[in-house]
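Here are the chains, one letter per residue:
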Amino acid sequence: MDMETTDVVIAGAGPTGLMLAYELRTAGIRVTLLDRLPGRTGESRAGGIHARTMEVLDQRGLLDRIHERGNPLPAGHFGGLRMDFSDLATRRPYALTVLQSVLEAELESSVTELGVDVAWSSPVVAVEQDTDGVEVTVEQPHGTRRIRAAYLVGCDGGRSTVRKLVGIGFDGTDATMTGMLADVELADPPTDRIFAQRNGPGDFSAIQFQPGWYRLLVQRHDLVLDRNTELTFAAFRDHFTEVAGTDFGMHSPRWVSHFGDAARQADRYREGRVFLAGDAAHIHFPAGGQGLNLGVQDAVNLGWKLAAALRADAADALLESYAAERYPVATRVLHNTRAQTALMRPGVHTDALRDTMRELLEVDQVRHHLGLMVTALDIRYPTESEHPLAGRRVPDADLSTDEGDTTVHALLRHARPVLLVLGDTDAPSVRGWTDRLDVRHAETETEHWTIPDLGDIPQPRAVLIRPDGYVAWATNDEVTTDLTDLLTRWFGPAATAVRDRAIA
Ligand SMILES: Cc1cc2nc3c(=O)[nH]c(=O)nc-3n(C[C@H](O)[C@H](O)[C@H](O)COP(=O)(O)OP(=O)(O)OC[C@H]3O[C@@H](n4cnc5c(N)ncnc54)[C@H](O)[C@@H]3O)c2cc1C
């Protein structure tokens, strides 16, 4: 059996694996993208994306096609309690309802345009690694395939084979309740969108996703269904009717499924040359719709770092920063989804807690705090800098440049770092990194940038933006700093240093 070679093997072509493949290919990395399934299932799954994911997709020019196929919703929820998003400080202060199947189809076609096809019916079944690389065994219908790569990333979902094969634990809390859903047509639909209406042992929702069909959801707190139990349409109808008192004349199911509130996180995101991302690294109840968002953002954090390790000889510390940055983000999501399921439990005590929370959500500061948490607009990665932008996502300010009007996020289309120099400021020296870093000069009409969780801050004079849209360095003073250490840490040694080492 011949051994194939590539730079990165990605196990799993769900949203996380697709986004990672896009990031790596854009950076010129060879990618092999494998999925155990024979093809796309067409299951609708997740119902939408939040503001930070829209920003991340927009940074790469991927949002427009997805946005056209979705519907903006001005609000989200926390534990079923409505939260208005319309005053959050982002270009798109809303949630976008778009089916996961649509998002996957669009991402897959973008990845295909970059020359990567998903290898279907290709489950990863064995992994071995040494100091230089990783060997992946794939069991295909016509035989076994062996691939050697520099890195393997397990984007293979909550039951991740990769995670198990490399011995990473997945501790957390077991399910305490069951959510059930069916995508159906309704003979007798409700006149309004029903969301999380509480009744008896749980709550139910009836949401028109697209003309002609609805997603019905019922959550029961008196029942824990085994993940491996198949839920029939008849059983779904019985559960729904018992909680809702009607079945709305449901018929013609497209998809019936169930899920629990088990919340688990991988005990580490890396074992040598093998990384985990997306549901393979964390699972939780889909409260507030955060899982897919988390996975896409894991991929965008990891992609440029793997590319820098492979192409620019970046130090291993850069790869370590993936877990240092993304692990606490997922821990917080697990925490907030546990809080949300607690808020959904039946009973008068929870009713009282919900009333109290509803009152609290009328306080703008509380609503902003939870809204920014669910939309991931308030992430701040660990940083030693005291500049308020450091570690935060760069705001998407309007810019005028010599090449015309643009926005900060549009500068990130090529997944390269950007040194943005504003106004009449001298650019710091980045000689040695111009092969992988873009320097852009621009003017703006504003004197302030708005940070979602801070408010207005004076616009910086220069800002160094990582390919994932987070700020590595910023200054409001004349630039006198020598950026050599910072640039080396984030983007690898200067080009001359790499060349000198190769010659030596
Ligand atoms: C009812 C429901 C509603 C949801 N709503 C939302 C929402 O509104 N917003 C949100 O953000 N999230 C939501 N989620 C969560 C979201 O669906 C997941 O977080 C998301 O699918 C995770 O993407 P992923 O790519 O990490 O994993 P997956 O989508 O699970 O993809 C993993 C892929 O890996 C493949 N695979 C598995 N094993 C192997 C192997 N050995 N070798 C190769 N390939 C393999 C699988 O076939 C699959 O294609 C919802 C989930 C559910 C169940």
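Residues numbered from 1 in each chain as written. Predicted model: local features only at pLDDT ≥ 70, side-chain atom pairs only at ≥ 80, totals over all residues. Heavy atoms only, no water.

**Details of the packing of aromatic side chains**
Alright, step 1. Applying the stated criterion across every chain, the model contains 12 aromatic pairs.
Alright, step 2. For the pair Phe-204 and Phe-240, a centre-to-centre distance of 5.7 Å together with 75° between the ring planes defines the contact as edge-to-face. Of this pair, Phe-204 sits in strand 17 (residues 202–210) while Phe-240 is found in helix 6 (residues 233–244), placing the two residues 36 residues apart along the sequence.
Alright, step 3. On the basis of relative accessible area, Phe-204 is assigned to the buried category, the value being 4%.
Alright, step 4. Among the residues examined, Phe-240 registers a relative accessible area of 0% and is labelled buried.
Alright, step 5. Aromatic ring contacts, followed pair by pair, group Tyr-151, Tyr-269, Phe-275, Tyr-322 and Tyr-327 into a single cluster.
Alright, step 6. Across from the ring centre of Phe-170, 3.5 Å away, lies the NZ or CZ of Arg-163, which sits over that ring. (Phe/Tyr/Trp six-rings, centres within 6.5 Å; stacked < 30°, edge-to-face > 60°. Helix = DSSP H or I, 4+ residues; strand = E, 2+ residues; numbered from the N terminus. Buried < 20%, exposed > 50% of the residue type's maximum accessible area, 1.4 Å probe, protein only. Lys NZ or Arg CZ within 6 Å of the ring centre and 35° of its normal.)

**Side note on the nonpolar core**
Alright, step 1. Counting residues in each nonpolar core, the largest one holds 78 residues, and the members touching the most others are Ile-10, Leu-33, Leu-57, Leu-152 and Val-153.
Alright, step 2. With 9 residues, the top contributor of residues to this core is helix 7 (residues 291–311).
Alright, step 3. Counting residues domain by domain, this core receives three or more from each of domain 1 (3–72 + 99–173 + 264–323) and domain 2 (178–260).
Alright, step 4. Every residue in contact with Val-153, bar those within four places of it in the chain, is listed here: Val-8, Val-9, Ile-10, Ala-11, Leu-20, Phe-275, Ala-277, Leu-302 and Leu-306.
Alright, step 5. Judged by nonpolar contacts, the second largest core, of 20 residues, contains Ala-308, Leu-437, Ala-462 and Ala-472. (Core = buried A, V, L, I, M, F, W, Y, C linked by side-chain atoms within 4.5 Å. Domains from an automatic or database assignment. Contact = heavy atoms within 4.5 Å.)

**Notes on a positive patch on the surface**
Alright, step 1. A cluster of basic side chains, namely Arg-36, Arg-45, Arg-159, Lys-164 and Arg-227, defines a positive patch on the protein surface.
Alright, step 2. Within the fold, Arg-36 resides in the loop between strand 3 (31–34) and strand 4 (48–49). (Patch = residues over 30% accessible without salt bridge, like charges linked within 9 Å, V, L, I, M, F, W, Y side chains within 5 Å. Areas by Shrake-Rupley, 256 points an atom, 1.4 Å probe, with all protein chains shown as cover. Salt bridge = Lys/Arg side-chain N within 4 Å of Asp/Glu carboxyl O. Lys, Arg positive; Asp, Glu negative; His and termini not counted. Charge placed at Lys NZ, Arg CZ, Asp CG, Glu CD.)

**Here we look at the pattern of salt bridges**
Alright, step 1. In this structure the tally under the stated criterion is 39 salt bridges.
Alright, step 2. Asp-7 is the salt-bridge partner of Arg-30, the closest N and O atoms lying 3.2 Å from each other. With a gap of 23 residues between them, Arg-30 in the loop between helix 1 (15–26) and strand 3 and Asp-7 in the loop between strand 1 (3–5) and strand 2 (8–11) connect regions that are remote in the sequence.
Alright, step 3. Given the relative accessible area of 41%, Arg-30 is considered partly exposed.
Alright, step 4. Across the pair Asp-438 and Arg-416 runs a salt bridge, and its minimum N-O distance is 3.0 Å. In this pair, Asp-438 is assigned in strand 27 (residues 438–442) and Arg-416 in the loop between strand 25 (404–407) and strand 26 (418–422), connecting sequence segments 22 residues apart.
Alright, step 5. Judged by relative accessible area, which is 24%, Arg-416 ranks as partly exposed.
Alright, step 6. A single network of salt bridges, built from pairs that share partners, joins Arg-65, Arg-69, Glu-106 and Glu-113.

**Considering the packing of helix 7 against helix 8 (residues 316–344)**
When two helices pack together, their arrangement is given by the angle between the helix axes and the distance between those axes.
Alright, step 1. Direction vectors running N to C along helix 7 and helix 8 enclose 175°, while the axes themselves pass 9 Å from each other. Judged on the interaxial angle alone, helix 8 and helix 7 are roughly antiparallel. Between helix 7 and helix 8, the residues in contact are Leu-294, Gln-297, Asp-298, Asn-301, Leu-302, Trp-304, Lys-305, Leu-306, Ala-308 and Ala-309 and Leu-318, Leu-319, Ser-321, Tyr-322, Glu-325, Arg-326, Val-329, Ala-330 and Val-333, respectively. (Axes fitted to C-alpha atoms, helices over the stretch in contact; angles between N-to-C directions. Parallel < 35°, antiparallel > 145°, perpendicular 65-115°, else oblique.)

**Some points on the sheet that holds strand 23 (residues 282–283)**
Alright, step 1. The sheet built from 3 strands is open, its strands ordered 14-20-23 with antiparallel pairing. Edge positions in the sheet fall to strand 14 (170–173) and strand 23, since each has one partner strand and no second.
Alright, step 2. In the sheet, strand 20 (residues 263–266) pairs with strand 23 via 2 bridges, with the strands oriented antiparallel. By the bridge assignment for strand 23, Arg-264 is matched with Ile-283.
Alright, step 3. In this fold helix 8 packs onto strand 14, strand 20 and strand 23, with an angle of close to 170° to the strand it touches most, strand 20. (Pairing = 2+ DSSP bridges.)

**Description of the domain arrangement of the protein chain**
Alright, step 1. One can read the domain layout of the protein chain as domain 1 (3–72 + 99–173 + 264–323), domain 2 (178–260) and domain 3 (398–503).
Alright, step 2. For domain 2 and domain 3, the distance between their C-alpha centres works out to 49 Å.

**Thoughts on the site of the ligand**
Alright, step 1. With respect to spatial proximity, 30 residues lie near the ligand, and among them Thr-16, Asp-35, Gln-100, Leu-292 and Asn-293 are the closest.
Alright, step 2. In the environment of the ligand, an oxygen atom lies 3.2 Å from a nitrogen or oxygen atom belonging to the side chain of Arg-45.
Alright, step 3. At a separation of 2.7 Å, an oxygen atom of the ligand approaches a polar backbone atom of Leu-292.
Alright, step 4. Contact with the protein chains removes 89% of the 1000 Å² of surface that the ligand exposes when unbound.
Alright, step 5. Within the residue set of the shell around the ligand, elements represented by two or more residues are helix 1 and helix 7.
Alright, step 6. With 3 residues, helix 7 is the single largest residue contributor to the shell around the ligand.
Alright, step 7. The residue makeup of the shell around the ligand, split by class, is 11 nonpolar, 14 polar and 5 charged. (Near = heavy atom within 4 Å. Polar contact = N/O pair within 3.5 Å; in protein donor to acceptor, adjacent residues only side chain to side chain. Nonpolar A, V, L, I, M, F, W, Y, C, P; charged D, E, K, R; others polar.)

**Re the UniProt feature "domain: FAD-binding" (unreviewed entry) in the protein chain**
Alright, step 1. In the numbering used here, UniProt assigns the "domain: FAD-binding" (unreviewed entry) feature to residues 6–336.
Alright, step 2. Here residues 6–336 is 30% helix and 33% strand, with 39 Å between the C-alpha atoms at its ends. (UniProt positions renumbered as here; feature names shortened; annotations may be inferred.)

**Structural notes on the sheet that holds strand 2**
Alright, step 1. The 6 strands lie next to each other as 9-3-2-13-22-21, forming an open sheet whose pairing is mixed. Unpaired on one side and paired on the other, strand 9 (118–119) and strand 21 (270–271) mark the two borders of the sheet.
Alright, step 2. In terms of strand pairing, strand 2 meets strand 13 (residues 151–154) through 4 bridges, oriented parallel. Looking across to strand 13, one finds that Val-8 is bridged to Tyr-151.
Alright, step 3. In the packing of helix 1 onto the sheet, contacts are made with strand 2, strand 3, strand 9 and strand 13, and the angle to strand 3 comes to roughly 170°.
Alright, step 4. Packed onto the sheet, helix 7 meets strand 2, strand 13 and strand 22 (274–276) and runs at close to 170° relative to strand 13.

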